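For reference, the chains in residue letters:
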Amino acid sequence: MHFVIMGCGRVGATLAHSLEEHGHTVAVIDQNAEAFRRLGPHFGGDTVTGVGFDRDTLREARIEEAYAFAAVSSGDNSNILAARVARETFGVANVVARIYDPRRAQVYERLGIPTVATVRWAADQMLRRLLPRGAAGEYRDASGTVLLAQFSTHRGWVGRTVGDLEEEVGCRVAYLTRLGEGVLPRPTTVLQEGDVLHATVRVDEVARVERALGAAPEGAR
């Protein structure tokens, strides 16, 4: 498949190489021709010097053939504008824009433009490594309403099913990490010693869910 990337900073260059390694064709757009040096001598894709939301520039990058478009320049406005042009003018269904301002990210998500909020993501990753126990956020939706988090659980939950836990605690188990591997559980999946629980909850319910999982289940108290 063909991918078009706007912005040849560290993120754009890394993304371009990753897509090439997966066997795809890539075109990278940047206003500064010097930025393409980050791609190195072995990059086999196309480089286009120009503004990423300019229609002629996008056509030169073969946007009409693109499966997806990523806007990862350093400017929020440019990224959103380019993503909208790719989707609304050229009909690219899969678009994503990097956004530094988390408030803008929420607005654009509601308008149907998927975003990666750099500041929010970095803060969540830092919290995961700083907090010694409890809920560690792994993903938060753009509205800030729903959180996917890793939770510490009381040993009393071992031997209980995922369905029992969800019903008693009021959360949705997304997956388990068991012996270092991800497991997609069913309601009948029995929790084992050492399982790491990853669940989706409303942000305003995190503290309550954390307390419930940190205590033994009702029948074991």
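Residues numbered from 1 in each chain as written. Predicted model: local features only at pLDDT ≥ 70, side-chain atom pairs only at ≥ 80, totals over all residues. Heavy atoms only, no water.

**Overview of the environment of Thr200**
Mapped onto the fold, Thr200 is located in strand β11 (residues 196-202). Once the C-alpha coordinates of Thr200 and Val146 are considered, the two residues, 54 residues apart in sequence, prove to be 6.8 Å apart. Excluding its chain neighbours within four sequence positions, the residues that come into contact with Thr200 are Val146, Leu147, Leu148, Cys171, Arg172 and Ala174. (Helix = DSSP H or I, 4+ residues; strand = E, 2+ residues; numbered from the N terminus. Contact = heavy atoms within 4.5 Å.)

**Description of unusual backbone geometry**
With a phi close to 65°, Arg62 is a non-glycine residue in the positive phi region. Considering the arrangement of structural elements, one finds Arg62 in the loop between α2 (55-60) and β4 (68-71). Taking relative accessible area as the criterion, Arg62 reaches 27% and is therefore assigned partly exposed. One non-glycine residue, Leu179, lies in the positive phi region at around 55°. The topology assignment puts Leu179 in the loop between β9 (172-178) and β10 (181-183). (Buried < 20%, exposed > 50% of the residue type's maximum accessible area, 1.4 Å probe, protein only.)

**A word on the packing of aromatic side chains**
Under the definition given, this model contains one aromatic pair. An angle of 70° between the planes, with centres 5.8 Å apart, marks the rings of Phe3 and Tyr67 as edge-to-face. You can see Phe3 sitting in strand β1 (residues 2-6) and its partner Tyr67 sitting in the loop between α2 and β4, a full 64 residues away along the chain. Relative accessible area serves as the criterion here: at 12%, Phe3 is assigned to the buried category. (Phe/Tyr/Trp six-rings, centres within 6.5 Å; stacked < 30°, edge-to-face > 60°.)

**Observations concerning the pattern of salt bridges**
Scanning all chains against the criterion turns up 12 salt bridges. Among the salt bridges present, the one from Asp204 reaches Arg202, with a minimum N-O distance of 3.3 Å. Here the residues in one salt-bridge network are Asp46, Arg62 and Glu65, joined through shared partners. (Salt bridge = Lys/Arg side-chain N within 4 Å of Asp/Glu carboxyl O.)

**Considering the sheet that holds strand β3 (residues 46-49)**
Read from one edge of the open sheet, six strands run β3-β2-β1-β4-β5-β6, paired in parallel fashion. Taken across any chain shown, the strands that pair with only one partner, and hence form the sheet edges, are β3 and β6 (115-117). Here the strands of the sheet are splayed against their neighbours by 15° on average, with no regard to which way each runs. Pairing between β4 and strand β5 (residues 94-99): four bridges, direction parallel. Paired with Ala70 across the two strands is Val96, which belongs to β5. Where helix α1 (residues 10-21) meets the sheet, it contacts β1, β2 (25-30), β4 and β5, and its direction lies at approximately 170° from that of β1. (Pairing = 2+ DSSP bridges. Axes fitted to C-alpha atoms, helices over the stretch in contact; angles between N-to-C directions.)

**With respect to helix α6 (residues 162-169)**
Along an α-helix, residues three or four positions apart point the same way, because every turn accommodates 3.6 residues. If you check which residues of α6 are buried, you get Val162, Gly163, Leu165, Glu166 and Val169. Viewed end-on, α6 has its buried residues packed into an arc of 165°, placing them on one side of the element. Where α6 terminates, the next one or two residues include Gly170, which has phi positive at roughly 85°. (Arc of directions from axis to C-beta.)

**Points about the side chain of Arg98**
Note that Arg98 resides in strand β5. The buried charged residue Arg98 lacks any salt bridge, with Asp76 as its nearest oppositely charged partner at 6.9 Å. A polar contact is formed between the side chain of Arg98 and the backbone oxygen of Ser73, at a distance of 3.4 Å. Non-local contacts of Arg98, meaning those with residues more than four positions away in its chain, are made with Val11, Ala71, Val72, Ser73, Ser74, Asp76, Asn79, Val116 and Thr118. (Lys, Arg positive; Asp, Glu negative; His and termini not counted. Polar contact = N/O pair within 3.5 Å; in protein donor to acceptor, adjacent residues only side chain to side chain.)

**Regarding helix α7 (residues 206-213)**
Within the sequence span of α7, burial applies to Val206, Val209, Ala212 and Leu213. Buried residues of α7, viewed axially, fall in a sector of 130°; they line one side.

**A look at the nonpolar core**
In globular proteins that are soluble, nonpolar side chains generally tend to be buried together. Formed by 25 residues in total, the largest nonpolar core has its most connected members in Val4, Leu58, Ile63, Phe69, Val92, Val95 and Ile113. Of all the secondary-structure elements, those providing two or more residues to this core are β1, β2, β4, α3 (76-88), β5 and α4 (102-110). Top element by residues in this core is α3. It accounts for five residues. If you look at the next biggest cluster of nonpolar residues, it comprises 18 residues, including Leu147, Val162, Val206 and Val209. (Core = buried A, V, L, I, M, F, W, Y, C linked by side-chain atoms within 4.5 Å.)

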